[in-house]
Amino acid sequence: MHNPFVPETLEGWSVLHLMYRVRWDRLRQHPSRDRERMAAEAVQALAVPDAGSTAFVQVLGHKADLMFVCFRRGFEPLAQAQLALSRTELHDALDATSSYVSVVELGMYEMTAKIHEQLGAKYKPGSDEFEQAFDREMEAQRQRVMNRLFLDLPKARYVCFYPMNKRRGEALNWYSESFERRAAMMREHGMIGRTYAGKVTQVISGSIGYDDWEWGVDLFAEDPLVFKKLIYEMRFDEASAKFAEFGPFYTGLQFAPDQLDVYLDGGVPQLA
Amino acid sequence: MHNPFVPETLEGWSVLHLMYRVRWDRLRQHPSRDRERMAAEAVQALAVPDAGSTAFVQVLGHKADLMFVCFRRGFEPLAQAQLALSRTELHDALDATSSYVSVVELGMYEMTAKIHEQLGAKYKPGSDEFEQAFDREMEAQRQRVMNRLFLDLPKARYVCFYPMNKRRGEALNWYSESFERRAAMMREHGMIGRTYAGKVTQVISGSIGYDDWEWGVDLFAEDPLVFKKLIYEMRFDEASAKFAEFGPFYTGLQFAPDQLDVYLDGGVPQLA
Amino acid sequence: MHNPFVPETLEGWSVLHLMYRVRWDRLRQHPSRDRERMAAEAVQALAVPDAGSTAFVQVLGHKADLMFVCFRRGFEPLAQAQLALSRTELHDALDATSSYVSVVELGMYEMTAKIHEQLGAKYKPGSDEFEQAFDREMEAQRQRVMNRLFLDLPKARYVCFYPMNKRRGEALNWYSESFERRAAMMREHGMIGRTYAGKVTQVISGSIGYDDWEWGVDLFAEDPLVFKKLIYEMRFDEASAKFAEFGPFYTGLQFAPDQLDVYLDGGVPQLA
Amino acid sequence: MHNPFVPETLEGWSVLHLMYRVRWDRLRQHPSRDRERMAAEAVQALAVPDAGSTAFVQVLGHKADLMFVCFRRGFEPLAQAQLALSRTELHDALDATSSYVSVVELGMYEMTAKIHEQLGAKYKPGSDEFEQAFDREMEAQRQRVMNRLFLDLPKARYVCFYPMNKRRGEALNWYSESFERRAAMMREHGMIGRTYAGKVTQVISGSIGYDDWEWGVDLFAEDPLVFKKLIYEMRFDEASAKFAEFGPFYTGLQFAPDQLDVYLDGGVPQLA
Amino acid sequence: MHNPFVPETLEGWSVLHLMYRVRWDRLRQHPSRDRERMAAEAVQALAVPDAGSTAFVQVLGHKADLMFVCFRRGFEPLAQAQLALSRTELHDALDATSSYVSVVELGMYEMTAKIHEQLGAKYKPGSDEFEQAFDREMEAQRQRVMNRLFLDLPKARYVCFYPMNKRRGEALNWYSESFERRAAMMREHGMIGRTYAGKVTQVISGSIGYDDWEWGVDLFAEDPLVFKKLIYEMRFDEASAKFAEFGPFYTGLQFAPDQLDVYLDGGVPQLA
């Protein structure tokens, strides 16, 4: 049933972020050609079976050395990817430090309000006619944004990932605000984002029911300063200032899968 | 003594969730037939002695690789199951990362109010007659819902587990709300759940006095998107928006016990 | 000096809870007769030197496999017990996961008020006469409750341990409430407890100055459902609803020390 | 510049608390005379080079087995002590679990107010004359309390250490209270402490800028019940009830350095 | 687009703090000349490729033994430094315990207000003329403070590092305060800092979008008491008292890179 207090969402790729520390002491014991073989096997494990993509990231700092971001058609191929990587020889030299399970999501505040209004004028809300017409509208909308739901992982050099919640505090509670207030705050939030268009690509994925925060955010850019400028500016908009709670941040350099052996051998791996 | 401020509860299976990471580096050292033997022994350890069931789940992400959900007649057979698994050869390649101890529970807000009202009209509340009649009513009720208290673990492919509390904040405190307000909020909460009937099966277990949160929630569905849609919609009802606090989420794919060796050998295990 | 805002307390046994995970992979390498010897040595280490008792508990879940609860005459014999256990062969297969240091304590809200009132009518509060008469009254009281201060560890099958605080929030602060309000809330709290008499034995120990929470609570019962019913009902009384903060819960099955080798060999150990 | 809102402080010893768990499995592999040699080397590493003292403590519970408290002339000899201990053979059987970096500190609320008042009557606050006269007064004060700034570590049997903060909450904020209110609360706090004179010795050290809490507190007594009584009573004074936040508590038995080998061999070590 | 609610920032070095515990048990197994070789290789790995500097710090306490602070031209050379160190023989004896990713940052509250006012009088805010003139002003400003954005790491003996946030509480929220209020609080905050000029050097780096806190603060001084005095005094200014949240503190002694082998051999390493 379509609930007028709940923004409709459209879903795309299933997403798995996997973060690992490299146990360099184990790798050091191997000759270079072993590391080459280990890299090749790991790249193979994360190869995309039918549809989707995988990003390889060299992470800065101690929280992880490597982050793999997997976009797949569902949880089955995600399970397959994680299991395949776990079974590789390279995995013996990796310690899993974090992960994130989510689904690419477009939140549709404005569309939700519009459809409820238009269809509410024609049909009794909650009636079969209303629900079916609503489903048809959502499906049409889904077709229109298919390329954003099933995007390729952006090829920019710098990546920033963090999970976040909308606050449910005792005084400030996103989920107790009216639909209109929430929609207005999201509109303001989106307008700031739009001034960074071309400099940064943002992918939002929903994780309610899957992981410990409500959303995951991936940012991709050619200049890492853009991450700081964008997030700092957004921190002053009302949706963020009052209602955003942020988890840990992972920052790193994306590289081409075929550069994994370069990395294991001590060279900063390149994107292309 | 039956306290009119406290909702009565009915209890079923004793429940133990056990989460483990697999130490793939240890498993890799074994030939395939060793892993077969290890799988068989572990399945045997978790076999149900007299009554109950056990779910096997391949978890996504780093929090666990495997989750076992044990429904048993009491804490004794739970202790037996955990101990038997701990003594297996496979256990040498498992690291326990989390667990949850609880008892399947039906909260009876509406029934509690109704019995107090009906019996309070006949007997002096707290009198022996009142208490005995109350106990008889509860027992009758228990017989009526026996199949929900002692259900079989649902056979759906996707599983989501998380623990939760009702908030006891300085301003918003579930336990300081009146019985009527709590009952009304639970009714609204339940009505949203009902619109998902047929798409998701929910099992609530109580863990006050047993574990670090007040309740455990297991959801089972054939489509994992349902978890996100359901929990997101519920987040806007008053019971959740104002009073729910959520612990870590575990999401995964349920599989048949006889597929454990397939999993250890690198294949995504199937449910049937 | 006896402070009329502070409830007097009487103290009994010094208490040490020790929680361990068993490293089953290490134990597996030994033949059965080694485990027998290891069990015997550990039981000897925890044997009571002169006065007190020790409870052995098989804990459910991943937080611990074994919990030992030591009641002793003071911190010296507690130090001796922990050190003796640390030096055993079995200890090589144990990982300490938690512990709790406390002293059995009876809080005397009603008695405190009564003595202050009675002696305040005779002597100037704070005068030597007042203080000495107060000390005599407390000592007489101590003699009267000696068997509760120096109780034997109850022999019930199920055990539940958790630490707790009284809240010191910005709006709700137990320590800023008047003595009378606190006394009244503790009276209500105690009355609920009394309706469970015979079904559960409760031991409160104070840990202010010794450990990270203010009190430890041990519950003993023959039916673990009683823990859930009791604590859930109490959660609605004002002292708990508004002011209680709870730490981690440990739940398990008490067993006789001479069953430790049965446990190490894979059998659920029995109490008698 | 002397700021009239900030209480002046006087500083003494630089302090380093070092907490370790003993890896008894490693020690067990050695014959007794090895442990003697290891103890002797560790005692030597913590020997005081020119001025100061070192306390050895057997800690109760799992948070640590050993705590060393080092008083030294500055951070250089603290660095030297930690490094020397790290390089010993015994250190191979120790796991560092915690530590605390601080400087013995006397807070001077009353003196600060008095000097500002007296000198403010003579000189323009902030003027060179004012500042220099203030410095001279503080130096004179420092000479008067030299024995409290550079005390010997008390030789009592029982030790309790915990770090603490003054709350900076949204409603209750120590640092937003007026100087006079803070001074009055500290006076009340100190008066309770004084009623325990002779039973307990308290050492306060400041750690703002050095470690994760604002102050460290060490208590020394011949009877550990005194810790509980003192801290419980203080919890009701306004400074503690409303503004104190406490970190983890470490409780143990102080012993003479030459008893370290007794401890490693399984005997509870004695103070003298 | 220049947003009048958001203070402009100027950026300099990219910064990576790397904290490690030394596994002394591993180092002990090597003869002294091995440690010399390992030190030389690690110093080489952290040598500055083209521009920047690296600080070596012996940290007090258990949180880390060594901290390396890397100033580099961007994230690429930071990635190169971390990877080079990870690949050294010494790294086999290091456990990464923490890290911090940030960019040297000057916050420009006063300048931001001034430029908006001046250019707003000439151009329509948001117009191309306005934006371009604004960019020119910022670039001119950047040239003026180039030596502060690309400073050398100060050579003082004592170092203190901590991350911090501006509070986004339910009642007190830095990001909901007006630009003018924030600017006034930062001015007061800066004035206290200025009274410590010559005694302490402060480096602020921004980490929004890069790491788990919003800013990192490094302090350098010849006397560690200055850290305590400065931070304690600042804690009473409004910006800190009401809005600052502090992460973990790391305190230690800076030393010259060529003293690393002295340290590994047990001598407190010197700065020059």
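The next thing to look at is the overall build of chain A. Scanning chain A from terminus to terminus reveals 10 helices and 9 strands. The principal-axis extents of the C-alpha atoms in chain A amount to approximately 70 × 40 × 35 Å. Within the span of chain A, comprising 272 residues, buried residues form 62% of the whole. Taking all contacts inside chain A whose residues are at least 6 apart in sequence as the whole, residues at least 24 apart take part in 77%. On chain A, roughly 10300 Å² of surface is accessible, and the fraction owed to carbon and sulfur atoms is 50%. Looking at charge distribution, chain A has the averaged site of its 32 positive side-chain charges lying 3 Å from that of its 39 negative ones.

A separate point is the relation of the copies chain C and chain B. The operation linking the two copies of the chain is a rotation about an axis combined with a translation along the axis. Laying chain C over chain B is done by rotating through 72° and shifting 0.0 Å along the axis; what remains is an RMSD of 0.0 Å. Taken together, these values place the two copies in the relation of a five-fold axis. Comparing interface residues between copies, only 4% of those in chain C also lie at the interface in chain B; the contact surfaces differ.

Turning our eyes to something else, we now look at helix α8 (residues 225-234) of chain D. Most of α8(D) is tucked away, with 8 of its 10 residues classed as buried. Along α8(D), the residues classified as buried are V226(D), F227(D), K228(D), L230(D), I231(D), Y232(D), E233(D) and M234(D).

This next bit is on the packing of aromatic side chains. This model, assessed by the stated rule, comprises 90 aromatic pairs over all chains. Ring plane angle 65° and centroid distance 5.4 Å describe the contact between W174(D) and F243(D), whose orientation is recorded as edge-to-face. With W174(D) in the loop between β5 (158-166) and α7 (179-194) and F243(D) in helix α9 (residues 238-243), this residue pair connects regions lying 69 residues apart in the sequence. One exposure class covers both W174(D) and F243(D), and it is buried. Cluster of aromatic residues (ring-pair linked, three or more members): Y20(A), W24(A), F56(A), F68(A), F255(A) and Y263(A). The ring of Y250(A) carries the charged tip of K63(A) above its face, separated from the ring centre by 5.3 Å. Lying over the aromatic face of W174(C), K166(C) brings its terminal NZ or CZ to 4.5 Å of the ring centre.

Contact residues are listed per partner, giving 46 residues for chain A and 47 residues for chain B. Where chain A abuts chain B, roughly 4000 Å² becomes buried across the two surfaces, and 54% of that area is made up of carbon and sulfur atoms. On the chain A side of the contact with chain B, R87(A), R168(A) and E170(A) bury the most area, a combined 18% of that side's loss. For the pair chain A and chain B, the interface holds 9 salt bridges.

This next bit is on the pattern of salt bridges. Following the criterion strictly, the structure yields 90 salt bridges over all chains and no others. We note a salt bridge from K242(A) to E238(A), for which the minimum N-O separation is 3.1 Å. Placement of the pair is K242(A) and E238(A) together in helix α9 (residues 238-243), with a separation of 4 residues, close to one helical turn. Residues joined by salt bridges that share partners form a network here, namely E11(A), E105(A), K228(B) and K229(B).

Here the focus is the arrangement of the chains. What separates chain A from chain C at the closest point of their C-alpha atoms is a distance of 12 Å, and the two make no contact. Spatially, chain B and chain E are disjoint, and the shortest separation between their C-alpha atoms is 12 Å.

We now examine helix α4 (residues 109-122) of chain E. An α-helical segment advances 3.6 residues per turn. Residues three or four places apart therefore align on the same side. Its 14 residues give α4(E) an end-to-end C-alpha distance of 21 Å, which sits within 8% of 20 Å, the value for a rise of 1.5 Å per residue. Looking at the buried residues of α4(E), the elements they touch are α8 (225-234) of chain A together with β4 (94-107), α5 (128-144) and α7 (179-194) of chain E.

The next thing to look at is the confidence of the model for chain A. For chain A, the average pLDDT comes to 96, and 100% of its residues sit at 70 or higher. Model confidence for the complex: the whole-complex pTM is 0.97, and ipTM, which rates the interface, is 0.96.

With that out of the way, let us pick up the interface of chain C and chain B. Taken together, the contacts link 47 residues of chain C with 46 residues of chain B. Taken over both partners, the interface formed by chain C and chain B buries close to 4000 Å², and the fraction arising from carbon and sulfur atoms is 54%. Sorting the residues of chain C by area buried against chain B places K228(C), Y232(C) and F236(C) first, and these three jointly supply 19% of that buried surface. Summed over the shared surface of chain C and chain B, the number is 9 salt bridges. With a closest N to O distance of 3.6 Å, R26(B) and D25(C) form a salt bridge. Where chain C packs against chain B, one counts 28 residue pairs in polar contact (both at pLDDT 80 or more).

Rules used in this analysis
- Residues numbered from 1 in each chain as written.
- Chains lettered and ligands numbered in written order.
- Predicted model: local features only at pLDDT ≥ 70, side-chain atom pairs only at ≥ 80, totals over all residues.
- Heavy atoms only, no water.
- Helix = DSSP H or I, 4+ residues; strand = E, 2+ residues; numbered from the N terminus.
- Buried < 20%, exposed > 50% of the residue type's maximum accessible area, 1.4 Å probe, protein only.
- Contact = heavy atoms within 4.5 Å.
- Areas by Shrake-Rupley, 256 points an atom, 1.4 Å probe, with all protein chains shown as cover.
- Lys, Arg positive; Asp, Glu negative; His and termini not counted.
- Charge placed at Lys NZ, Arg CZ, Asp CG, Glu CD.
- Least-squares fit on C-alpha atoms with pLDDT ≥ 70 in both.
- Phe/Tyr/Trp six-rings, centres within 6.5 Å; stacked < 30°, edge-to-face > 60°.
- Lys NZ or Arg CZ within 6 Å of the ring centre and 35° of its normal.
- Buried area = accessible area lost by both parts, 1.4 Å probe.
- Salt bridge = Lys/Arg side-chain N within 4 Å of Asp/Glu carboxyl O.
- Expected span 1.5 Å × (residues − 1).
- pLDDT = per-residue confidence, 0-100.
- Polar contact = N/O pair within 3.5 Å; in protein donor to acceptor, adjacent residues only side chain to side chain.

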